[in-house]
Amino acid sequence: MKRLLKIYLEKPELAGLVLLVILIAVFQVKSDGIFLGQQNLRGILGLLPETGLIAIGVTLLMISGEFDLSVGSVFALMPMSMAIAMTHGVPFVPAMMLGFAVCLAIGFINGYITLTFNIPSFITTLGMLFMARSMTVVISGGFPPLLSSDIPTWLFTSYVGPGELFRMSFLWFLVVGILAGLLLARTNFGNWITAVGGFQQAAAATGIPVKRVKMVSFMLCSVLAGFAGMIQVFRLGSPLPSIGEGLELQAVAAAVIGGTALTGGIGTILGGVLGALLIRVIDNGLVLTQVDANWFKFAVGFLTIFAVVANAWLRARAKRIKVEISS
Amino acid sequence: MTNKISSIALAAAMGLATLTGAQAADPLKIVFTHHSSASNTFWQAVKKGFDDACARIQADCQMVFTQTEGSVEQQQANMQAALARKPDGLITSIVDDNAFDQTIADARAQGVVVIAANVDDSQGAAGNARQAFIGQNFIPAGHSLGAAIAKHFPESGPIKVLVGVSAPGQNWSEQRAQGVINFMEDYKKAHPDRDVSWDKIDSGTDLATTADRVGAYLSAHPDTTAYFDTGFWCASVARVLKDRGVEPGKVLMGGFDLVPEVLQQMKAGYVQALVDQQPYEQGFMPVMEIYLAKTVGLAPADINTGNAIVTPDQVDSVMKLSSEGLR
Amino acid sequence: MTSPIISCQKIEKWYSGVHALKQVSLDIVPGEAVGLVGDNGAGKSTLINIISGVQTADAGEVHFEGRPVSIRSPRDAMDLGIETIYQYNSMVPSMSIARNLFIGREPLRLGVMGFGLIDLKKMRQESVRAIADVDLHLRTPDALVGELSGGQRQGVAIARAMYFKSKLMILDEPTNHLSVKETNKVLGFVQSLKEQGITSIFISHNIHHVFECCDRIVAMARGEIVLDKPASETNMDEVLDVL
């Protein structure tokens, strides 16, 4: 038991993994084996990058000790800006850069207001949630602009791999996930993110540029949300102004289910991804097993509470076990 | 013409069903996906038609609602998950011209019978691989509604009309609004001596939002002659008018769909005309067409479920049927 | 008279109307062990914060090793060789000992413009060495600091300060929240600093401890220095009187 708790402390996402395996087994049985069938897996893996990328960004930011509730709106705003730019004749790549620039700007504003005026990021980004959503609808003029057919969306949507199991978006997702994981665990900046979230005073006292670390985290979070939205829009073919509504809460839930602490300093990218996968599995599994789909929200909410309580309890237990010393 | 086909098809289906009823080898698997959440009462009537038809042919049926009202990406995810169960037939609304094209094409390739219900691709069969459309033709319906309300226009004075587009960007709402506006343009041309004008706003897809937004507009423009909603949410506007002490009929109102809330307001005199699209039929007929396609190979055919206008003198009889979910 | 390693001249600081430091001047020569005492609000924490870069003075100058310096951030202080052990021991509990030791100045395996991949292997090896140097033996540098006792955490903090070759070490109430045994260890360590030629400023509420470790006593009250004498020339009663 002690050893398990020790492992848990170092790798909090393992609890999420256990839950995932259990749920997959349950759904596989209840859906008469369809759940893990090729067609269904294709579906799940095709949709996962979109919520997964947001979860990665939100996880990173939460580890630094801040929240971003505007991700659902940025999810819609980035592709909308890109599409509007393209209807005005801007070519594909510059339009995409413009979209990302919008994300960076929003992340910057989120960070700047939070840090300069010392407001909880929860509030700042809540306001931004409304503002960005409104901007998305306004610039669309009420009608989603058409995406021209000659843009290389295949870069993100076509199926590749053995049995055509994955979309290109999954590969992008994998790359981003690996880079983000490396950033957090293997770079000095990642060390600083964890420190700032874990104990801000200590981080400041040891010379870490706290404000800069948080600003970068805010901006990264927004960029990832925008990237995710862009992928969804390419997949669906229309930049609708209403996509992404409610995703911010799902992203926070995913991060938390994957072991990220609400107070900061604890969490991993893998955990956030596992949380997103778990939510996707539940959504899909409920449809397959013909359970009333309205239980989905209940399931996600229950799981979030359960995960937070369980993680807190496990952490408290693990802390009480002191490491052995010879002194 | 289409109505005749529909009655023949219905008779044939009923006949076949009773003949072969108890002998159904493998029950047909039919899935219905659409863009609405469980809080939209219109769809309860559709579900009743769907469930009744399925009971008659003893099929294994599932209707999947979305979490967020009007969410295209959730509907697409549901559709993909449902298709993994390898159903015999898929019935779906197509509120976006692009988002479902690929998934439906894949379904057809797998031999699934696909029928569009309630909302069609704006380019019909040219825009999507669905085999038939069963539902209301929106533009003519909007036009008819315009005509029905115009009968109540005042003899003299300026005519100021507000059109509430409930879901900007979605086919059904845009086209119904367009139908109304087409009528207003015709009316203007026919009455060059009158001052005719109209406004369009994004009125929302729930009672509270529509009440808020249209209420605000009416405060700013108290001389509005008539309000057209592209759904049934004018029911909440009626309440707002009542609260303000405006007598019924002072501001004319017209809408779509015969849900109990709006029928009540018609009885109270606030709503002068409603367009019925016969939701029960939209749930019932596609099932029968799938049955016929799978048993005798009859190609599915379009059915216009009508743009019949319901006026206050018919309310009582209609209300009874509406509360039973039959209209 | 050897030139001072650090010289604070006429330092002033205001906090929302309160005059926290009034023209405070303090010179410390290399190798001195200075004990800084005073009640809460006397200004000793403020003075220390200014020297370690956590706060900036409103007026006055600081000279280090004979040169005027501008200490605007903790990084500036650390670059000069000023290391601080804080009361709350400035360790991040959710991170490992190795990561905490090098926090803010991680050795990079490859990097550009101050950003890059950290050399975890080196961090681990050096941590073990650094901790052994202060006579603290921990099984693995990957253990989370949160798993250590208060005294062990202070030990790691001290190991950190030592590893980076501090010239001036400031210990701000380092024995708060420690057990008797751990306190003695820390005190012994402070005494050993002098032997290693490291200048130190030791702040404590406990006058006994201060007299035990330091050879010069500086007492502050209401933002000013009210006593500044070698330990041999004064005693506890005198110090308590002025506070």
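Up top is the structure.
Below, the structure is looked at part by part. (Residues numbered from 1 in each chain as written. Chains lettered and ligands numbered in written order. Predicted model: local features only at pLDDT ≥ 70, side-chain atom pairs only at ≥ 80, totals over all residues. Heavy atoms only, no water.)

This brings us to the overall build of chain C. On a plain count of helices and strands, chain C comes out with 8 helices and 12 strands. Residues classed as buried in chain C amount to 56% of the 243 residues present. When the accessible surface of chain C is summed, it comes to about 10,700 Å², and 51% of that surface belongs to carbon and sulfur atoms. (Helix = DSSP H or I, 4+ residues; strand = E, 2+ residues; numbered from the N terminus. Buried < 20%, exposed > 50% of the residue type's maximum accessible area, 1.4 Å probe, protein only. Areas by Shrake-Rupley, 256 points an atom, 1.4 Å probe, with all protein chains shown as cover.)

When you line up the elements, asparagine 78 of chain B lands in helix α3 (residues 72-83). Taking the C-alpha atoms as reference, asparagine 78 of chain B lies 9.8 Å from phenylalanine 32 of chain B; in sequence the two are 46 residues apart. Apart from residues lying up to four places away in sequence, asparagine 78 of chain B is in contact with Asp283 and Val287 of chain A together with Thr33, Val64, Phe65 and Thr66 of chain B. (Contact = heavy atoms within 4.5 Å.)

Moving on: the pattern of salt bridges. Oppositely charged side chains are able to pair whenever their charged atoms sit close together. Residues and elements named next belong to chain C. This model, assessed by the stated rule, comprises 20 salt bridges over all chains. Between arginine 216 and glutamate 32 there is a salt bridge, and its shortest N-O distance comes to 2.9 Å. Taken together, the residues arginine 216 in strand β11 (residues 216-221) and glutamate 32 in the loop between β2 (18-28) and β3 (33-38) connect sequence positions 184 residues apart. For arginine 216, a relative accessible area of 12% gives the class buried. Accessibility expressed as a relative area gives 14% for glutamate 32, which makes it buried. As a salt-bridge pair, arginine 216 and aspartate 228 come within 2.9 Å of each other at their nearest N and O atoms. Here aspartate 228 lies in strand β12 (residues 224-230) and arginine 216 lies in strand β11, a separation of 12 residues in the sequence. (Salt bridge = Lys/Arg side-chain N within 4 Å of Asp/Glu carboxyl O.)

Moving on, we get to the pairing of strand β9 (residues 168-172) of chain C. All names here are of chain C. By the criterion of burial, β9 is predominantly enclosed, with 5 of the 5 residues buried. Residues Leu168, Ile170 and Asp172 of β9 are buried on one face, and the alternating residues Met169 and Leu171, pointing to the opposite face, are buried as well. Bridge count for strand β6 (residues 82-85) against β9 is 4 bridges, and the pairing is parallel. Looking at β9, one finds that glutamate 83 is bridged to methionine 169. (Pairing = 2+ DSSP bridges.)

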